[in-house]
Amino acid sequence: MKTAKSLKFNHLRPLTLVSISVLLSLCLVEIGLRFVPPDLGKLSQLAIATNDARGYAPRPHSVVHFTGLFSSLTQPVVWRINPQGVRAAQSVKPYPDRFRIATFGDSETFGWAVNLPDTFQKQMEAIDQRVEVLNFGVPGYNVSNIADHVELHAVRFHPQLIL
């Protein structure tokens, strides 16, 4: 026959086991990440420090052969930043001769896992040759960084639309 004291603590046993399992799993993940660090060297080749709230920006004239962070990509991706800090193969004229869209965002906007022709900006241009889409995406940027980036660069390129 169970006593009141044993009934009182029996419900804590499964909770304790789950807590210990979660803690042990987190410790193993932490240890694993320390032995297999991501290759952040490629990201540092892409960026330069700034004296504003963004902290960093794309390095003009940079070409980085990216192979992945935690796992290797099947094909290396080439990141090319033009002299103006835009992900593009060549310089951008200050005034557009086509309808210009400027895209701002983080690594998804930048297209960090694809080559330049496969970015959504170049895909949009391929659909309509009357449209020019500039890629101002920067891996690691948050909403505040993006807002600062828009303020600093949108005016220089005279886009008709900002995404």
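What you see is a predicted model, and the numbers here were worked out from it, not measured in a lab.

Asker: I'd like to hear about the pattern of salt bridges, residue by residue, with values.
Answerer: One side chain can pair with another of opposite charge once the charged atoms of both are near each other. In this structure the tally under the stated criterion is 5 salt bridges. With a shortest N-O distance of 2.9 Å, Asp52 and Arg54 are connected by a salt bridge. For Asp52, a relative accessible area of 32% translates into the label partly exposed. For the salt bridge of Glu132 with Arg100, the shortest nitrogen-to-oxygen distance reads 2.8 Å. Separated by 32 residues along the polypeptide, Glu132 in strand 6 (residues 131-135) and Arg100 in strand 5 (residues 99-103) bring together distant segments of the chain. Exposure class is identical for Glu132 and Arg100. Each is buried.

Asker: Run through the packing of aromatic side chains, naming residues and quoting values.
Answerer: According to the stated counting rule, one finds 6 aromatic pairs in the structure shown. Here Tyr56 and Tyr141 contribute two aromatic rings whose centre-to-centre distance is 5.3 Å and whose plane-to-plane angle is 65 degrees, an arrangement assigned as edge-to-face. In this pair, Tyr56 sits in strand 2 (residues 56-58) while Tyr141 sits in the loop between strand 6 and helix 6 (143-157), placing the two residues 85 residues apart along the sequence. Residue class for Tyr141 comes out buried when judged on its relative accessible area of 5%. Over the aromatic face of Phe110 sits the side chain of Arg87, whose NZ or CZ is 4.7 Å from the ring centroid.

Asker: Residue-level account of helix 6, with values.
Answerer: A rise of 1.5 Å per residue sets the reference length of helix 6, with its 15 residues, at 21 Å; its end C-alpha atoms lie 21 Å apart and thus fit the reference within 8%. At Glu151, helix 6 shows its maximal kink, close to 30 degrees. Of the positions making up helix 6, those classed as buried are Asn145, Ile146, His149, His153, Ala154 and Phe157. Among the structural elements, strand 2, strand 5, strand 6 and strand 7 (161-162) are those in contact with the buried residues of helix 6. The N-cap residue of helix 6 is Asn142: its side-chain oxygen and the backbone nitrogen of Ser144 are 3.0 Å apart. Immediately beyond the C-terminal end of helix 6, within one or two residues, lies His158, with a positive phi of roughly 50 degrees.

Asker: A description of the layout of surface pockets should follow, citing residues and the corresponding values.
Answerer: Empty space within the largest pocket amounts to approximately 240 Å³. Residue lining of the largest pocket: 18 residues in total, with Gln90, Ser91, Val92, Arg98 and Glu132 positioned closest to the centre. Contributions of two or more residues to the lining of the largest pocket are made by helix 5 (120-127) and strand 6. Ranked by residue count, the leading element in the lining of the largest pocket is strand 6, at 4 residues. Of the residues assigned to the lining of the largest pocket, the class counts are 7 nonpolar, 3 polar and 8 charged.

Asker: Tell me what's going on with the nonpolar core, and back it up with residues and numbers.
Answerer: Counting residues in hydrophobic clusters, the biggest one holds 13 residues, and the most contacted among them are Val86, Phe104, Leu134, Phe136, Tyr141 and Phe157. Here this core takes 3 residues from helix 6, the largest share from any one element. Residues in contact with Phe104, not counting those within four places in the same chain, are Thr109, Phe136, Ile146, His149, Val150, His153, Ala154, Ile162 and Leu163. In this structure, Leu46, Phe66, Ile81 and Phe110 belong to the second largest nonpolar core, which totals 7 residues.

Asker: Can you tell me about the environment of Phe136, naming the residues and giving the values?
Answerer: Tracing the chain through its elements places Phe136 in the loop between strand 6 and helix 6. Accessibility expressed as a relative area gives 2% for Phe136, which makes it buried.

Asker: Describe in detail the side chain of Glu132, supporting the description with residues and values.
Answerer: Glu132 gets classed as buried once you look at its relative accessible area, which sits at 12%. Apart from the residues lying within four places of it in its own chain, the contact partners of Glu132 are Val92, Pro96, Arg98, Phe99, Arg100, Ile101 and Glu125.

How each quantity is defined
- Residues numbered from 1 in each chain as written.
- Predicted model: local features only at pLDDT ≥ 70, side-chain atom pairs only at ≥ 80, totals over all residues.
- Heavy atoms only, no water.
- Salt bridge = Lys/Arg side-chain N within 4 Å of Asp/Glu carboxyl O.
- Buried < 20%, exposed > 50% of the residue type's maximum accessible area, 1.4 Å probe, protein only.
- Helix = DSSP H or I, 4+ residues; strand = E, 2+ residues; numbered from the N terminus.
- Phe/Tyr/Trp six-rings, centres within 6.5 Å; stacked < 30°, edge-to-face > 60°.
- Lys NZ or Arg CZ within 6 Å of the ring centre and 35° of its normal.
- Expected span 1.5 Å × (residues − 1).
- Bend = angle between axes of the 7 residues up to and from the residue.
- Contact = heavy atoms within 4.5 Å.
- Polar contact = N/O pair within 3.5 Å; in protein donor to acceptor, adjacent residues only side chain to side chain.
- 1 Å grid on protein atoms, 1.4 Å probe; cavity = no way out; pocket = protein on both sides within 12 Å on 5 of 7 lines; lining within 4 Å.
- Points joined across faces, edges and corners; volume = space filled by probe spheres on them.
- Nonpolar A, V, L, I, M, F, W, Y, C, P; charged D, E, K, R; others polar.
- Core = buried A, V, L, I, M, F, W, Y, C linked by side-chain atoms within 4.5 Å.

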